[in-house]
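Fold and contact review
The lines below spell out each chain.
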Amino acid sequence: MEKQNLMKRSEVPTQLTWDLESIFASKEDYQRAQEELQEAVKRFETNYKDQLADKEMILKSIADYEAIQVQMSRLYHYGSLPATTDLTNATYTQMSRQLDQMMADTYARLSFYNSQLTQVNTDILDAVAEKEPRYTSFVRHMKADKEIQLTPELEQALALLAPTFNAPVGIYEQAKLADMDFGSFTVDDEVYPLSFVLYEDHYMYHTDTKVRRAAFDAFSKVLKKYENVIAQAYYTKVQTEKTLATMRGFDSVFDYLLYDQEVDQELYNRQIDVIMSDLAPVMQKYITHLKDVQGLDKVTYADLKIDLDPEYSPKVTVEDSKQLVEEAISVLGQEYTDMIMKAYPERWVDFAQNIGKSTGGFCSTVSGNAAHPYILMSWTNHLSNVYTLIHEFGHAGQGILASEHNAVVGDNPSLYLIEGPSTFNELLLTDSLTSQTDDPRMERFALTKMMSDTYFHNFVTHLLEAAYQREVYKRVDAGLGFDAQELSKIKRAILEEFWGDAVEINPGAELTWMRQPHYYMGLYPYTYSAGLTIATQAFLKVKEEGQRAVDRWLEFLKTGDTYIPADAAAVAGVDIRTDKPLKDTIAYLNRSVDRMIELTNELK
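Residues numbered from 1 in each chain as written. Predicted model: local features only at pLDDT ≥ 70, side-chain atom pairs only at ≥ 80, totals over all residues. Heavy atoms only, no water.

Structural notes on the overall build of the protein chain
This is how the line gets drawn: Strands are runs of DSSP state E lasting at least two residues, helices are runs of H or I lasting at least four, and both sets are numbered from the N terminus onward. For the exposure calls, accessible area comes from a 1.4 Å probe over protein chains only, and a residue counts as buried if that area is under 20% of its type's maximum, exposed if over 50%, partly exposed in between. By definition in these notes, contact holds between two residues if any of their heavy atoms fall within 4.5 Å. Surface accessibility follows the Shrake-Rupley procedure with a 1.4 Å probe radius. Residue values consider only the protein chains on display as shielding. Positive charges come from Lys and Arg alone, negative charges from Asp and Glu alone, with His and the N- and C-terminal ends not counted. To locate a charge, the coordinates of NZ of Lys, CZ of Arg, CG of Asp or CD of Glu are taken.
A tally of regular secondary structure across the protein chain gives 23 helices and five strands. Taking the principal axes of the C-alpha coordinates as reference, the protein chain spans close to 75 × 55 × 50 Å. A burial count over the protein chain gives 58% of its 604 residues as buried. When contacts within the protein chain are restricted to residue pairs at least 6 apart in sequence, those whose partners lie at least 24 apart make up 77%. Of the roughly 24200 Å² of accessible surface on the protein chain, a fraction of 48% belongs to carbon and sulfur atoms. Here the protein chain carries 59 positive and 92 negative side-chain charges, and the mean point of each set is 2 Å from the other.

Structural notes on the nonpolar core
Looking at soluble globular proteins, one finds that nonpolar side chains tend to be buried together. What counts here: Residues belong to one nonpolar core when they are buried, are Ala, Val, Leu, Ile, Met, Phe, Trp, Tyr or Cys, and are joined through side-chain atoms within 4.5 Å.
Core analysis: the largest hydrophobic core is formed by 160 residues, its most contacted members being Phe185, Ile287, Phe393, Trp499 and Trp513. With 18 residues, the top contributor of residues to this core is helix α18 (residues 440-477). Within the second largest apolar cluster, 43 residues are counted, among which are Tyr78, Leu110, Tyr113 and Ala129.

Section: a negative patch on the surface
The condition is simple: Excluding any residue in a salt bridge, patches collect residues exceeding 30% relative accessible area, merging like charges within 9 Å and nonpolar Val, Leu, Ile, Met, Phe, Trp and Tyr side chains within 5 Å. Counted as salt bridges are all cases of a side-chain nitrogen of Lys or Arg within 4 Å of a carboxyl oxygen of Asp or Glu.
Together, Glu326, Glu335, Asp338 and Glu404 make up a negatively charged patch on the protein surface. With respect to the element layout, Glu404 can be found in helix α16 (residues 383-405).

With respect to the environment of Lys489
Relative to the helices and strands, Lys489 resides in helix α19 (residues 484-499). Taking C-alpha positions, Lys489 is 43 Å from Ala343, a pair spaced 146 residues apart along the chain.

Describing the pairing of strand β2 (residues 190-193)
Here is the rule: Only when DSSP finds a minimum of two bridges between them are two strands counted as paired.
Both strand β1 (residues 184-187) and β2 contribute to a ladder of four bridges, which runs antiparallel. Residue pairing across strands places Ser184 opposite Pro193, the latter belonging to β2. Count of turn residues in the β1/β2 antiparallel hairpin: two residues, of which Asp188 carries a positive phi of about 50°.

Comments concerning empty space enclosed by the protein
Operational definition: Only protein atoms enter the 1 Å grid used here. Points where a 1.4 Å probe fits but cannot escape make up a cavity, open sets with protein on both sides within 12 Å along at least five of seven lines make up a pocket, and a residue lines them when an atom lies within 4 Å of a point. Grid points are joined across faces, edges and corners, and a volume is the space filled by probe spheres set on the points. Here the term charged refers only to Asp, Glu, Lys and Arg, the term nonpolar to Ala, Val, Leu, Ile, Met, Phe, Trp, Tyr, Cys and Pro, and the term polar to all other amino acids, Gly among them.
Considering all chains together, one arrives at two cavities of 30 Å³ or more under this definition. Here the largest cavity defines a volume of roughly 70 Å³. What lines the largest cavity is Leu267, Arg270, Gln271, Tyr416, Ala530, Thr533, Ile576, Thr578, Asp579, Pro581 and Leu582. Looking at the lining of the largest cavity, the elements with two or more residues in it are α13 (265-294), α20 (525-545) and α23 (580-603). Looking at which element gives the most residues to the lining of the largest cavity, the answer is α13, with three residues. Roughly 30 Å³ of internal volume is contained in the second largest cavity. Forming the walls of the second largest cavity are Asp307, Leu308, Asp309, Arg444, Phe445, Thr448 and Lys449. Considered class by class, the residues forming the lining of the second largest cavity number two nonpolar, one polar and four charged.

So, the packing of aromatic side chains
How we decide: Ring pairs are drawn from Phe, Tyr and Trp, using the six-membered ring of Trp, whenever the two centres fall within 6.5 Å, and their geometry is named by plane angle: stacked under 30 degrees, edge-to-face over 60, tilted for the rest.
Applying the stated rule across the entire model yields 42 aromatic pairs. Taking 6.4 Å as the distance between ring centres and 70° as the angle between the ring planes, the aromatic pair formed by Phe112 and Tyr113 counts as edge-to-face. Neither residue differs from the other here; Phe112 and Tyr113 are each classed as buried. One aromatic cluster in this structure is built from Tyr172, Tyr234, Tyr235, Tyr468, Phe482, Tyr519 and Tyr520.

Looking at the sheet that holds strand β5 (residues 374-376)
The line we're drawing: Axis geometry follows a simple rule: fit a line to the C-alpha atoms, using only the stretch in contact for helices, then measure angles between N-to-C directions, giving values from 0 to 180 degrees.
Strand order in the open sheet made by the three strands is β3-β5-β4, with mixed pairing throughout. Across the chains shown, the open sheet's two edge strands, defined by having one partner strand only, are β3 (349-350) and β4 (362-364). One ladder, built from three bridges, connects β4 with β5; its direction is antiparallel. Looking across to β5, one finds that Ser364 is bridged to Tyr374. The sheet contacts of α16 involve β3, β4 and β5, and relative to β4 the element is tilted by about 20°.

Overview of helix α21 (residues 547-558)
Quick note on the threshold: One less than the number of residues in a helix, times 1.5 Å, gives the span that helix is expected to have. The directions considered for the arc are those from the helix axis to the C-beta atoms.
Counted at 1.5 Å a residue, the expected span for α21 with its twelve residues is 16 Å, and the 17 Å between its end C-alpha atoms agrees. Among the residues making up α21, those that are buried are Ala549, Val550, Trp553, Leu554, Phe556 and Leu557. The buried residues of α21 occupy an angular sector of 155° when projected down its axis, which confines them to one face. Considering only its buried residues, α21 is in contact with α15 (334-341), α16, α17 (420-435), α20 and α22 (565-571). Among the residues trailing α21, Gly560 stands out with phi positive, at a value near 55°.

Some details on the side chain of Glu465
Structurally, Glu465 is set in helix α18. This buried residue, Glu465, is left without a salt bridge; Lys491 holds the nearest opposite charge, at 6.2 Å. Ignoring sequence-local partners within four residues, the contact set of Glu465 consists of Lys491, Gln516, His518, Tyr519 and Pro525.

Some points on the environment of Ser384
Relative to the helices and strands, Ser384 is located in helix α16. What makes Ser384 buried here is its relative accessible area of 13%. Separated by 183 residues in sequence, Ser384 and Asp201 have C-alpha atoms that sit 9.6 Å apart. Aside from chain neighbours lying at most four places away, what touches Ser384 is Lys449 and Asp453.

Some words on the pattern of salt bridges
For the structure shown, the criterion picks out 39 salt bridges. Across the salt bridge formed by Arg213 and Asp303, the nearest N and O atoms sit 2.8 Å from each other. Highlighted residues: Arg213 in helix α10 (residues 209-225) and Asp303 in the loop between α13 and α14 (318-329), separated in sequence by 90 residues. Residues Arg213 and Asp303 agree in their burial class; the two are buried. Within the structure, one salt-bridge network assembled from shared partners comprises Arg212, Arg213, Asp297 and Asp303.

A word on the layout of surface pockets
Put simply, the second largest pocket is a space of about 430 Å³. Where the lining of the second largest pocket is concerned, the elements lending two or more residues are α2 (55-85) and α3 (90-117). Examining the composition of the lining of the second largest pocket, we find that three residues originate from one element, α2, more than from any other.

Quick word on the environment of Thr236
The residue Thr236 is located in helix α11 (residues 227-247) in this model. Between the C-alpha atoms of Thr236 and Phe165, which are 71 residues apart in sequence, the distance is 8.6 Å.

Set out below in structure tokens:
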């Protein structure tokens, strides 16, 4: 595996970057749109403040509110996305911060709207939904918010404070991507450059055990230097969430954070508890098999993401990915496939690897489909990149379809559901790879990628984040504080519980709490496994039932915020009110690992 060096953002070829001109053709248009937004908000205040007394006025107000939301979304994407590509660029950072303040001011001016709607008689709100069914979910939320709404003055103050409340994740990202200098490390007299992105996207998968473990040690050594400031940023975030929970009348920070997801603690805890107990033995079996095949002396935490058969792993360029993606998603029909494949010529994706770029990947959809979706990732010519890409295309597809079939105020699905479409697409990719071969090595390779990329990432990495996060929030609910040492202690205990004797939790593993921005996003990490549970069961139904199950899945993608999560999952034919889908998914994984071992014995 070759050494990696990162380019400066200015050196990146245009074809590897996303096209922001889909939103605004120029910065002048962007600045003009900010002025137009302020005028629109001013008109909105004049037209509707203290005047939401009847059905017709409310209906008119929602339409105008949606237009403002679309414009704010366009401004948000154009003003904030550049900073994610290079946090060392002061111009991008300043642009993002200026936008944050403008957004906070705008939301503060609009805060009267929700405050007044929650004071409207329930019968009038129901009449609004009856007159315009597209607003049903919006009305559902307004009725629920009656119980937690604060005074208009407080709501306005909280909206103004949004940049302050969101500051911890900005501090974290700046420390991680701008301030941390990882330098280099040496193995057998050869010097290797190191950065956060290089470790996460390259060295973590390195085929040379000495290089891989040395990279982990050097990476962890630098993380350790910043543990106290990152712990303080995180503490500030969770204490803010606890304070807001108390202000809004929630007994527990868990109930507050699950409120917008429209799920209860039973669903949340089940996802974590069942995986910690039932999936752990399956993953220990998988990792022990990996150790045997690779001939490792032991499996350390630094070894968890390596390939079972790295010599068989093909190089995959961005151009190569087109065929792999198209073949995988073709089962969902020509219309869906054509919609996604526009991503390449329209430059939805920022593929580049460069200094200062955010790690991982994300997809962000502009409200009302006012521009194409935007996807960030770092392409390293590995098959795992195709899994990341098709994962984000799943988000993009859901975003487009939900916007097409719902009002702007009703197109955002619950966070509980959001990772279903993305992980479903990953399963399609694995199925496509296995269906095109009768070579046992290729079948084993595809199953391994499914395990190491789809399930390991979503059912293990993020689930262990969630299990750790739950312990942190328990402390917060109990009125207890924490520091970096306490966070590392909690993280190590979770890792040791899950991996048992199969993995050596070597020094540095406990600092994993410093490696993800997910901890600053409320109870988000557990939703990866929740979404993948729905996706797995829907995928197996597609394999069993064919077009009928495909039609259900496409209908699910269109639902947006129409239903609460349990009812939305039912559209896809999955009943998440019981633990059966989760247990069935774990059983499917167990069969997959057994098949992997069977193929290894066959290849011997």
